[in-house]
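Close look at the chain arrangement
Chain by chain, the residues:
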Amino acid sequence: MDLSVINPILLLAALMSAATPILLAATGELVVERAGVLNLGVEGMMIVGAIAGFIVAVNTGSPALGFIGAAAGGAVLSLLFVFLTQVALANQVASGLGLTLFGLGLSALMGQSYVGVKPPRMADLDLGPLSDIPVLGRILFSHDAMVYIGLLIVLGVWAGLKFTRAGLVLRAVGENHDAAHALGYKVKRIRTLAILFGGACAGMGGAYISLIRVPQWTEGMTAGVGWIALALVVFASWKPWRVLLGAYLFGGITQLQLNLQGAGVAIPVEYLAMSPYIVTIIVLVILSADKSRAPGSLGRIFHASH
Amino acid sequence: MTALLDLSGVTKAYPGVVANDNVSLTIQPGEVHALLGENGAGKSTLVKMIYGLVKPDAGQMSLNGAGYAPADPRAARAAGIGMVFQHFSLFDALTVAENIALGMENAPPMRQLAAQIKAVSETYGLPLAPHRLVGDLSAGERQRVEIIRCLLQEPKLLIMDEPTSVLTPQEVEILFKTLRKLSAEGTAILYISHKLEEIRSLCDAATILRLGKVVGHCIPRDTSAAEMAEMMVGSALKPPQKAAGPVGDVLLELRGLSLPPASAFGMPLRDISVSVRAGEVLGIGGVAGNGQDELLSALSGEAQVPAATVFLKGADVGRLGPNARRVAGLLTAPEERLGHAAAPDMSLTENAMLTGAARQGLERNGLLNWGAARSFANQIIADFDVRTPGPGNAARSLSGGNLQKFVIGREILQRPEVLVVNQPTWGVDASAAAAIRQALLDLAEHGAAVIVISQDLDELMEISDNFAALNEGRLSAVRPAAGLTVAEIGQMMGGAHGMEVAHV
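What counts and what doesn't
- Residues numbered from 1 in each chain as written.
- Chains lettered and ligands numbered in written order.
- Predicted model: local features only at pLDDT ≥ 70, side-chain atom pairs only at ≥ 80, totals over all residues.
- Heavy atoms only, no water.
- Helix = DSSP H or I, 4+ residues; strand = E, 2+ residues; numbered from the N terminus.
- Rg over C-alpha atoms; globule rule 2.2 N^0.38 Å.
- Buried < 20%, exposed > 50% of the residue type's maximum accessible area, 1.4 Å probe, protein only.
- Areas by Shrake-Rupley, 256 points an atom, 1.4 Å probe, with all protein chains shown as cover.
- Lys, Arg positive; Asp, Glu negative; His and termini not counted.
- Charge placed at Lys NZ, Arg CZ, Asp CG, Glu CD.
- pLDDT = per-residue confidence, 0-100.
- Contact = heavy atoms within 4.5 Å.
- Expected span 1.5 Å × (residues − 1).
- Pairing = 2+ DSSP bridges.
- Core = buried A, V, L, I, M, F, W, Y, C linked by side-chain atoms within 4.5 Å.
- 1 Å grid on protein atoms, 1.4 Å probe; cavity = no way out; pocket = protein on both sides within 12 Å on 5 of 7 lines; lining within 4 Å.
- Points joined across faces, edges and corners; volume = space filled by probe spheres on them.
- Nonpolar A, V, L, I, M, F, W, Y, C, P; charged D, E, K, R; others polar.
- Phe/Tyr/Trp six-rings, centres within 6.5 Å; stacked < 30°, edge-to-face > 60°.
- Lys NZ or Arg CZ within 6 Å of the ring centre and 35° of its normal.
- Buried area = accessible area lost by both parts, 1.4 Å probe.
- Salt bridge = Lys/Arg side-chain N within 4 Å of Asp/Glu carboxyl O.
- Axes fitted to C-alpha atoms, helices over the stretch in contact; angles between N-to-C directions.
- Parallel < 35°, antiparallel > 145°, perpendicular 65-115°, else oblique.
- Left-handed = near helix turned anticlockwise from the far one by under 90°.

**Describing the overall build of chain A**
The number of helices and strands found in chain A is 12 helices and zero strands. Moving toward the C terminus, one meets the helices and strands of chain A in the order α-α-α-α-α-α-α-α-α-α-α-α. For chain A, the C-alpha radius of gyration of 20 Å lies close to 19 Å, the compact-globule estimate for 306 residues. Counting all 306 residues of chain A, 53% fall into the buried class. Only carbon and sulfur atoms are counted for the fraction: they give 71% of the accessible area of chain A, which is about 12,800 Å². Looking at charge distribution, chain A has the averaged site of its 17 positive side-chain charges lying 14 Å from that of its 13 negative ones.

Shown next as structure tokens:
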């Protein structure tokens, strides 16, 4: 065992990158759930985003266009969920599970001729002198643009929910859709927009895996990240900053346990592999012991009976 | 003078029922206009059309002489119409200020809005803290949020749907002072209520609906409550007859019952001691949310209570579950009909089976006797005049009043020794309510002890032998119902909850 092979600076730097797919997907799902919709199709939207972004990036040579394509791919798939749950008033749990299964199959079909292809690489953002700060520069300011866009989305979601009228209306719809309808708010329209936003975020999260983390295309490559993002939203008590904390915690411990495996620590690999899940859940469960609770209309079907 | 609001020939039909048939109505500026009618008479549909939630099939509406056809509630609010809902349209997890902002077209920034809320609430004697969570407020305070939400829009017409059902008598008096002041300032009020004495003291004019049609107009001050009730129902009502039956042994006793709240927005029960005798009807009043639901669940066995706190005929039943208590003779009927007292998507036969299995012998060795359950359901339907095509229909398909008759009848026909009911006539029209009250009195006359938890004080005074009030989870001392004054009852219910009379 040789712990000295672990470089703490590189470890911390890798944490931000490792956490980004979960962070994007969970932030999108947070908005969806605050609007009162439970979309269990995150995994499906991520994998479709991963292949859609991969195809666009390979064919255009631009990773940036790839991420836009990934957002569009995730959003288009989420339209299917919109149709099922907001138009046909189908059960949200069943529809979400169906969306994940459908997304896994669809992505495999789309990606058939892309196995083994290398995507264009996304350059790290040049932050000039900031990147040259010792230690901090390497940890915080030497990443690709998507890491920062992810953080901006969290900031935007937090501020939007807390300070804007649109955010207030969205929370009201999620809290009590009958009352929001009685006040004259368009429950279905607001929920549709929230679901599309969630789909776009999940799609970008998926593309971060296929374009930057791995970078290649293999079937089922999101490997359950969407489910972790879903759990993260609940354990984070539907609060954006706690989602960020949970995503970083999860990403950090994932990196740490990989490093520990590399260093040959005398703990069975299975324990190391399960450690990110256990630690993240414990910390967020402790945090969620306050009064916060789920949005009142979460998962309930809205039917305007008036 | 042009009328503020004028409806002529308004008609709205739903599949199978005409909710409003050629209704005409005129409201003058500053007038307090009552809308009367039984359940299903079409009052809610009519005000929903005025508030833009429903579009009429035919007929004209005009506001201040100009045509008025609101596409949605926002348009109605912009035109100067505000509405205080019967079932509060509030958001528990949001603050008072956020709730109010949601009901406004152009809400100012939060800090400014909080100041406005404080100003208006003090002017009208309705104190409210803008940053509190609505889920933590009492029913009376929640109503203030709705009223202030409307007042901030400076409406020309304020629609109030059953506003006093959740208030103590003192709160009602203060609400009326606020409404009279608004009316004096020129705001018209369209007031819906079942409480005829309130309408007589508050309203300038009344329109009476029956089965969707206007059946009469009257000046409430010059009309007796009995005459108005007759116009609503279409026939004279018989008040329940109470026999002063002999009072027997103590059947149910609570000794120092305390219970922590089941949810974050619940109310704990604090040290409740009371006893009920055979043949006695104990009325328990109080504003909603003061422990009524918790008391019922402690008595039904849904909530686990400490040993030696609930005694049935001297035996400790505190640790027994609902079915064991049913077998012992303690039956309950909770307030929420759909989802608590009855399973909405199950048939009436299945619902009869759910609580009746043990006492009616509908089950043997774990096997269900559906034939007996069906005849039990048929008996309930026949004895309590439940209007439904048959026992195979889902509970959800019944109207509120009919389902209420079914769930109360189901418990009464099991010959309980102690029956506890919560809001037995809530949302039930006058004739059905009278039938339910009579059935409860008959049950007591045959030697059962009956506890009626209700927010309708008139009902409690009509049928109770003794009266107590729940306030903040505590039960007041029990007093004989005969001779209690409204002021005394109000004090027992906890007074006016910090309200004060309008200052201007």
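Now, onward.
**Topic: the confidence of the model for chain B**
Summarising the model, chain B shows a mean pLDDT of 86, and 94% of its residues fall at 70 or more. Between residues 496-504 of chain B, whose pLDDT stays under 50, and residues either more than four places distant or in other chains, the model counts 29 contacts.

**Comments concerning helix H6 (residues 145-163) of chain A**
All names here are of chain A. Between the first and last C-alpha of H6 there are 26 Å, a value that for 19 residues agrees with the 27 Å anticipated at 1.5 Å per step. Taken as a whole, H6 has its buried residues at Ala145, Met146, Val147, Tyr148, Gly150, Ile153, Val154, Val157, Gly160 and Leu161. Buried-residue contacts for H6 involve helix H1 (8-34), helix H3 (63-87), helix H5 (136-140), helix H7 (165-175), helix H9 (187-213) and helix H11 (240-262).

**Description of the pairing of strand E7 (residues 157-161) of chain B**
Residues and elements named next belong to chain B. For E7, the tally of buried residues reaches five of five residues, placing the bulk of the element in the interior. Burial of the side chains of E7 extends over both faces: Leu157, Ile159 and Asp161 are buried on one face and Leu158 and Met160 on the other. Taken together, the four bridges between strand E6 (residues 81-84) and E7 define a ladder with parallel strand orientation. Bridge pairing links Gly82 to Leu158 in E7. The sheet contact formed by E7 and strand E8 (residues 188-192) spans five bridges and is parallel. For Asp161, the partnering residue across the bridge sits in E8 and is Ile192.

**Considerations on the nonpolar core**
Nonpolar side chains in soluble globular proteins tend to be buried together. Membership of the largest hydrophobic core comes to 128 residues, with the highest contact counts inside it found for Ile100(B), Leu102(B), Met160(B), Leu179(B) and Tyr191(B). Of the residues forming this core, the biggest block, 12 residues, is contributed by H9(A). Leaving out residues up to four positions away in the same chain, Leu179(B) has contacts with Leu158(B), Met160(B), Ile189(B), Tyr191(B) and Leu202(B). Residues Ala139(B), Val421(B), Ala469(B) and Ile489(B) belong to the second largest nonpolar core, which totals 51 residues.

**Structural notes on the sheet that holds strand E11 (residues 250-259) of chain B**
By way of backbone hydrogen bonds, the strands of a sheet pair with one another, either parallel or antiparallel. All names here are of chain B. Pairing is antiparallel in the open sheet, where four strands are placed in the order E12-E11-E14-E15. Each of the sheet's edge strands pairs with one partner strand only, and the pair in question is strand E12 (269-277) and strand E15 (315-316). Looking at chain direction, E11 and E12 are connected through six bridges and run antiparallel. Residue Leu252 lies in a different strand from E12, and its bridge partner there is Val276.

**Remarks on empty space enclosed by the protein**
All names here are of chain B. Applying the stated criterion to the full structure yields one cavity of 30 Å³ or more. Taken as a whole, the largest cavity encloses approximately 100 Å³ of empty space. Along the walls of the largest cavity sit 14 residues, with Tyr51, Arg77, Met83, Arg149 and Cys150 positioned nearest its centre. Among the secondary structure elements, those contributing two or more residues to the lining of the largest cavity are E6 and helix H5 (139-151). Of the residues that constitute the lining of the largest cavity, the class distribution is seven nonpolar, four polar and three charged.

**Topic: the packing of aromatic side chains**
Within this structure, the stated rule accounts for six aromatic pairs over all chains. Note on Trp158(A) and Phe163(A): the rings are 5.6 Å apart at their centroids and 90 degrees apart in plane angle, and the pair reads as edge-to-face. On the accessibility criterion, Phe163(A) (57% relative accessible area) is exposed. Above the ring of Phe311(B), the side-chain terminus of Arg255(B) is found at 3.8 Å from the ring centroid.

**Some thoughts on the interface of chain A and chain B**
Each side of the interface is counted separately: chain A has 18 residues, and chain B has 27 residues. Summed over both sides, the interface between chain A and chain B buries roughly 1,800 Å², with carbon and sulfur atoms accounting for 61% of that surface. Here chain A and chain B share two salt bridges between them. Close ionic contact of Lys186(A) with Asp72(B) constitutes a salt bridge, the shortest N to O distance being 3.9 Å. Here the side of chain A that touches chain B gets six residues from one element, more than from any other, and that element is H7(A). Within the side of chain A that touches chain B, the residues separate by chemical class into eight nonpolar, four polar and six charged.

**Some details on the pairing of strand E10 (residues 213-218) of chain B**
Residues and elements named next belong to chain B. Sheet analysis places strand E9 (residues 205-210) next to E10, joined by five bridges and oriented antiparallel. Within E10, the position partnered with Arg210 by the bridge is Lys213. Connecting E9 to the next strand, E10, in antiparallel fashion are two residues, including Leu211 with a positive phi near 50 degrees.

**As for the sheet that holds E9(B)**
All names here are of chain B. Taken in spatial order, the six strands make up an open sheet running E6-E7-E8-E3-E9-E10, and their pairing is mixed. The outermost strands of the open sheet, each flanked by one partner alone, are E6 and E10. When strand polarity is set aside, the average angle formed by the axes of neighbouring strands in this sheet is 20 degrees. Judged from the four bridges that link them, strand E3 (residues 32-36) and E8 form a sheet pairing that is parallel. Considered in E8, the bridge of Val32 is made with Ile189. The sheet contacts of H5 involve E6 and E7, and relative to E6 the element is tilted by about 180 degrees.

**Side note on the packing of H1(A) against H11(A)**
Residues and elements named next belong to chain A. Where H1 contacts H11, the axes come no closer than 7 Å and their chain directions differ by 140 degrees. Considering their axes alone, H1 and H11 lie oblique with respect to each other. Once H1 is placed against H11, the crossing between them reads as right-handed. Contacts between H1 and H11 involve Leu11, Ala14, Leu15, Met16, Ala18, Ala19, Ile22, Leu23, Ala26, Thr27 and Leu30 from the first element and Pro240, Val243, Leu244, Ala247, Tyr248, Phe250, Gly251, Gly252, Gln255, Leu256 and Asn259 from the second.

**A look at the environment of Pro119(A)**
Residues and elements named next belong to chain A. Structurally, Pro119 can be placed in the loop between helix H4 (92-110) and H5. Judged by relative accessible area, which is 10%, Pro119 ranks as buried. On a C-alpha basis, the gap between Pro119 and Leu106 in space is 20 Å, while along the polypeptide they are 13 residues apart. Contacts of Pro119, omitting those with residues within four sequence positions, involve Phe54, Val58, Ser210, Leu211, Pro215 and Gln216.

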